[in-house]
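Okay, here's what each chain looks like letter by letter:
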Amino acid sequence: MIDPVVLKGFRDSLPKDEIPKKRIIRKLEDVFSSFGFVPIDTPVLEYTEVLLGKGSGETDKQIFRFKDNGGRDVAMRFDLTVPFARFMASHHDEVGVPFRRYHISKVWRGENPQKGRYREFIQCDFDIVGADNALSDTEILSLMHTSFMALGIEHYTFHISHRGLFSLFLSKLGLEEKSIDVLRTVDKLRKIGEDEVRKLLTDITGSSDKAESILSYITAGDGRSFMETLEELERLSGGESEASKRMREIYSMLSALGIEKSFVFDPSITRGLDYYTGIVYETFLDELPSIGSVCSGGRYNDLASLYMKEKTPGVGSSIGLDRLLAALEELKSPILHDTATADVLVVPTAGMESKAMITAEKLREKGLNVSMYLLPDAKMKRIYAAAESGAIPYLLTVKEDGISVKDLRTRETAEGDEAIERILKDRKN
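Residues numbered from 1 in each chain as written. Predicted model: local features only at pLDDT ≥ 70, side-chain atom pairs only at ≥ 80, totals over all residues. Heavy atoms only, no water.

Asks: Just to check I follow, could you spell out the overall build of the protein chain for this structure?
Replies: In terms of helices and strands, the protein chain carries 16 helices and 16 strands. Oriented by its inertia axes, the alpha-carbon framework of the protein chain measures out at about 85 × 55 × 45 Å. Across the 429 residues that make up the protein chain, the buried fraction comes to 51%. In the protein chain, the share of contacts with a sequence separation of at least 24, taken over all contacts with a separation of at least 6, comes to 68%. About 21400 Å² of surface is accessible on the protein chain, with carbon and sulfur atoms providing 50% of the total. Across the protein chain, the 59 positively charged side chains and the 69 negatively charged ones have centroids separated by 3 Å. (Helix = DSSP H or I, 4+ residues; strand = E, 2+ residues; numbered from the N terminus. Buried < 20%, exposed > 50% of the residue type's maximum accessible area, 1.4 Å probe, protein only. Contact = heavy atoms within 4.5 Å. Areas by Shrake-Rupley, 256 points an atom, 1.4 Å probe, with all protein chains shown as cover. Lys, Arg positive; Asp, Glu negative; His and termini not counted. Charge placed at Lys NZ, Arg CZ, Asp CG, Glu CD.)

Laid out in structure tokens, this is it:
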């Protein structure tokens, strides 16, 4: 027999896991749609040249790459942003700009599995392309905030920064040619700590003084308000710039929306992917910062130009669904509690199969999810076990003289229409 083992970094998902996951996805889709974003999809496989060199050197090493049956060099997408840039080059004239999209699907990276991080995982992306201004940046930030509110998550903080400001600062230090290495190193701050980052920066820059200057920059937000941090970064980067003006505009809009308290200016946020050019951000759960960012993104104005002549600026964000679910499970979030496979389990007595099916259909028309018990002449113990295994709260028995309903949580029984109304009222609440 074949050993039914799953590859390392991959996993099966049981109904108790999939039900809350699908509920979260539906909530996010509703929020995305409310902002005028529309769904798209792209292939799992792309030509390798489409993906390589678009994320980072580390990401390139993690790509699942192989020759297909036709001898073509292909790879599995490592995120949803790079395929989206290719998508825009292919369909620019069909969708027009500005274009708002969302895409919820699996991606693959051959990295070391850890808690909340797998080699196959789901990303929930939402982007705007065709607009480069503070309004589009802020709309993405506002959508992030609304999404977390819709999921019932209460304690979270969005850490935002701007690649342009950091680039100006590095230019002032004479480190333009080493900016990518510096950015990638700073991005590891939360993973490896300040001392290790200091050592790496000293090796990259060849100067302990420059390494200390960079550390002073990325910690400039400690103990300061958003605007105080911005003013300090302006000073360190050589004065007011387009980047600092953009951040000032964004903060003004966040304040007008009344959501500015959820955002902090954190200069240590750089994002390790090479394609970011402007604002960047990561999201941390206040009660569980150790799990890392659960929603990240930024502005990428040059990515689409790799595939098309027209300049198509973009900005977007991605919720890492698997990591978020791991965090919500640890925090015992209420959104994960309801894992019922149906509202009602309908059980026909002998000869009442057709009547049971008619009853089930009427319940579905009223908005209930109904499962039919399919095995004949089962003992009540087996029927109860079937309901409990699916976390189904109500058992409806169809008899020759009518119906009876049992609430399996309280063991209370009711008959006829009264019982149906009780179920409807309960499930609506």
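Asks: Looking at this structure, I do not really get the sheet that holds strand β2 (residues 45-47). What am I missing?
Replies: In a beta sheet, neighbouring strands are held together by backbone hydrogen bonds and run either parallel or antiparallel to one another. Spatial strand order, β2-β4-β3: three strands in an open sheet with antiparallel pairing. Either end of the sheet is taken by a strand with one partner, and the two such strands are β2 and β3 (65-67). Adjacent strand axes in the sheet meet at a mean angle of 40° when their direction is disregarded. Note: β3 against strand β4 (residues 73-76), three bridges, orientation antiparallel. The partner of Phe-66 across the bridge, within β4, is Val-74. (Pairing = 2+ DSSP bridges. Axes fitted to C-alpha atoms, helices over the stretch in contact; angles between N-to-C directions.)

Asks: Would you mind going over the pairing of strand β7 (residues 156-162) with me for this structure?
Replies: Regular strands have side chains that alternate between both faces of the sheet. Among the seven residues of β7, seven are classified as buried, and the element is accordingly described as predominantly covered. The alternating pattern of β7 places Tyr-156, Phe-158, Ile-160 and His-162 on one face and Thr-157, His-159 and Ser-161 on the opposite face, and all of these are buried. Looking at chain direction, β7 and strand β9 (residues 279-285) are connected through seven bridges and run antiparallel. Bridging from a neighbouring strand, Phe-158 pairs with Thr-283 of β9. Here β7 runs beside strand β8 (residues 263-265); their pairing, made up of three bridges, is parallel.

Asks: In this structure, what is going on with the state of the cysteines? I would like to understand it.
Replies: Here, disulfide denotes a covalent bond that connects the sulfur atoms of two cysteines. This structure, assessed with the given rule, holds zero disulfides. Looking at the unpaired Cys-295, the closest cysteine sulfur is the one in Cys-124, lying at 9.2 Å. (Disulfide = S-S within 2.5 Å.)

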